[in-house]
Amino acid sequence: MKKVQSNVREALDGVLFDGMTIMAGGFGLCGIPEALIYAIRDSGVKDLTVISNNAGVDGIGLGVLLETKQIRKMISSYVGENKLFAQQYLSGELELEFNPQGTLAERIRAGGAGIPAFFTKTGVGTIIAEGKDVREFDGETYVMERGLFADLSIVHAFKGDTEGNLVYRKTARNFNPIMATASRFTVAEVEYLVDAGSIDGDQVHTPGIFVKRIVHVPNPAKHIEQRTTRPRLVAANEVN
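Everything quoted here is computed from the prediction, not taken from an experiment.

Colleague: Residue-level account of the overall build of the protein, with values.
Modeller: Assigned secondary structure in the protein consists of six helices and 12 strands. Computed over C-alpha atoms, the radius of gyration of the protein comes to 20 Å, within 12% of the 18 Å expected from 2.2 N^0.38 for 240 residues, which places it in the range of a compact globule. Principal-axis analysis of the C-alpha atoms places the extent of the protein at approximately 65 × 60 × 40 Å. Counting all 240 residues of the protein, 45% fall into the buried class. A sequence separation of at least 24 residues applies to 72% of the contacts in the protein between residues at least 6 apart. Accessible area of the protein: about 12600 Å², with a carbon and sulfur share of 50%. Between the averaged position of the 26 positive side-chain charges in the protein and that of its 29 negative side-chain charges there is a distance of 2 Å.

Structure, rendered in structure tokens:
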């Protein structure tokens, strides 16, 4: 099976359809599959349910799909950096399923592991638990959460080989590895594409068996969500 595709449009060919569920890796703007997101936008597919920690920021990342109103529902844990996200939710244009961040991660991991549901203490006694199965184990109260599984996962990796084995870099790893396992079809964009066998097996984060297609996207933009800097120290000889 030829996994390497020549461009992002080709990588998503025949995969997209209206009403589908998509998992999108990344945390904030770190490790987002931005090129694949733009290809989804350009395809015109609509009524999407998107599972992602957040929805990027206005005009970047998943924010571009909010601008075109291609997303019907978000399953997320944080929306604070995207004004359009908040506006669409408050106006009733966008459906939102909020999750504690750790619960979201475990729901995705569970889906990839074939686990349909699990129990957690997180959210017990809050609106998170409303309408869900609540049980007691060993004298403690837990709420049941369902595993998540998507039609498509799009992920960003630092390096990949022609067989789809992936390596992520530092904090850009975030949600990408678990999402790569939790869908029927995973497409990865990689900054560096190498020959099969070039990556030490002990360094592989996502085995190629989970990846159906891979596309080389060199030199992607590395956006900074919130730039925080210290005041510049002025040397004595620079004063006056």
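Colleague: Outline the sheet that holds strand β7 (residues 134-137), listing residues and values.
Modeller: Overall, antiparallel pairing links the three strands, which are arranged β6-β8-β7 in an open sheet. Bordering the open sheet on either side are β6 (117-120) and β7, each of which pairs with just one other strand. Ignoring strand direction, the axes of neighbouring strands in this sheet form an average angle of 40°. Two strands pair when backbone bridges link them, and β7 and strand β8 (residues 140-146) are joined in this way by four bridges, in the antiparallel orientation. The partner of Arg-135 across the bridge, within β8, is Tyr-142. Across the face of the sheet, helix α5 (residues 101-112) comes into contact with β6 and β8 while running at roughly 155° to β6.

Colleague: Tell me what's going on with the environment of Gly-25, and back it up with residues and numbers.
Modeller: Note that Gly-25 resides in the loop between β2 (21-24) and α2 (34-43). Accessibility expressed as a relative area gives 3% for Gly-25, which makes it buried. Along the primary structure Gly-25 and Arg-173 are separated by 148 residues, whereas in three dimensions their C-alpha atoms are 8.6 Å apart. Excluding its chain neighbours within four sequence positions, the residues that come into contact with Gly-25 are Gly-31, Ile-32, Pro-33, Ile-154, Asn-174, Asn-176 and Met-179.

Colleague: Summarise α2; cite the residues concerned and give the values.
Modeller: Along α2, the positions that sit buried rather than exposed are Glu-34, Ala-35, Leu-36, Ile-37, Ala-39 and Ile-40. Backbone geometry just downstream of α2 places Gly-44 in the positive-phi region, at approximately 85°.

Colleague: Go over unusual backbone geometry, please, and point to the residues and values.
Modeller: The phi angle of most residues is negative, glycine excepted, and most peptide bonds adopt the trans form. If you check the backbone angles, Asp-138 has positive phi at about 50° while not being a glycine. Given the relative accessible area of 82%, Asp-138 is considered exposed. Within the chain, Asn-219 stands out as a residue other than glycine whose phi angle is a positive 50°. Here Asn-219 is to be found in the segment after β12 (213-216).

Colleague: How would you explain the packing of aromatic side chains if you had to name every residue and give the values?
Modeller: Taken as a whole and assessed by the stated rule, the structure comprises three aromatic pairs. Three or more aromatic residues joined by ring pairs make a cluster, and in this case those are Phe-119, Phe-137 and Tyr-142. Of note, Arg-169 hangs over the ring of Phe-158, and the distance from its end group to the ring centre comes to 5.8 Å.

Colleague: Break down α5 for me, citing the residues and quoting the values.
Modeller: The terminal C-alpha atoms of α5 lie 17 Å apart, and with 12 residues this matches the ideal 16 Å at 1.5 Å per residue to within 8%. Within the sequence span of α5, burial applies to Thr-103, Leu-104, Arg-107, Ile-108, Ala-110 and Gly-111. The buried side chains of α5 occupy one side of the element, clustering within an arc of 160° when seen end-on. A positive backbone phi angle near 80° is found at Gly-114, which sits one or two residues after α5.

Colleague: Hey, could you go over the nonpolar core for me, with residue numbers and the actual values?
Modeller: Ranked by size, the top nonpolar core spans 33 residues in total, and within it Met-74, Leu-152 and Ile-154 carry the most contacts. Put simply, the parts of the chain that give this core at least two residues each are α1 (8-11), β2, α2, β3 (48-51), α3 (63-67), β4 (71-76), α4 (83-90) and β9 (152-161). Here this core takes five residues from α2, the largest share from any one element. Excluding residues within four positions of it along the chain, Leu-152 makes contact with Leu-12, Val-15, Leu-16, Met-20, Thr-21, Ile-22, Met-23, Ser-183, Phe-185 and Val-187. Among the nonpolar cores identified, the runner-up in size contains 19 residues, and Met-23, Ile-108, Leu-148 and Ala-150 belong to it.

Colleague: Break down the side chain of Glu-191 for me, with residues and values.
Modeller: Residue placement: Glu-191 occurs in strand β11 (residues 186-194). Looking at Glu-191, the relative accessible area reads 10%, which means it is buried. If near-sequence neighbours (up to four positions away) are discounted, Glu-191 is found in contact with His-156, Ala-157, Phe-158, His-216, Val-217, Pro-218, Pro-220 and Lys-222.

Rules used throughout
Residues numbered from 1 in each chain as written. Predicted model: local features only at pLDDT ≥ 70, side-chain atom pairs only at ≥ 80, totals over all residues. Heavy atoms only, no water. Helix = DSSP H or I, 4+ residues; strand = E, 2+ residues; numbered from the N terminus. Rg over C-alpha atoms; globule rule 2.2 N^0.38 Å. Buried < 20%, exposed > 50% of the residue type's maximum accessible area, 1.4 Å probe, protein only. Contact = heavy atoms within 4.5 Å. Areas by Shrake-Rupley, 256 points an atom, 1.4 Å probe, with all protein chains shown as cover. Lys, Arg positive; Asp, Glu negative; His and termini not counted. Charge placed at Lys NZ, Arg CZ, Asp CG, Glu CD. Pairing = 2+ DSSP bridges. Axes fitted to C-alpha atoms, helices over the stretch in contact; angles between N-to-C directions. Phe/Tyr/Trp six-rings, centres within 6.5 Å; stacked < 30°, edge-to-face > 60°. Lys NZ or Arg CZ within 6 Å of the ring centre and 35° of its normal. Expected span 1.5 Å × (residues − 1). Arc of directions from axis to C-beta. Core = buried A, V, L, I, M, F, W, Y, C linked by side-chain atoms within 4.5 Å.

Geometric values such as these leave the question of function open.
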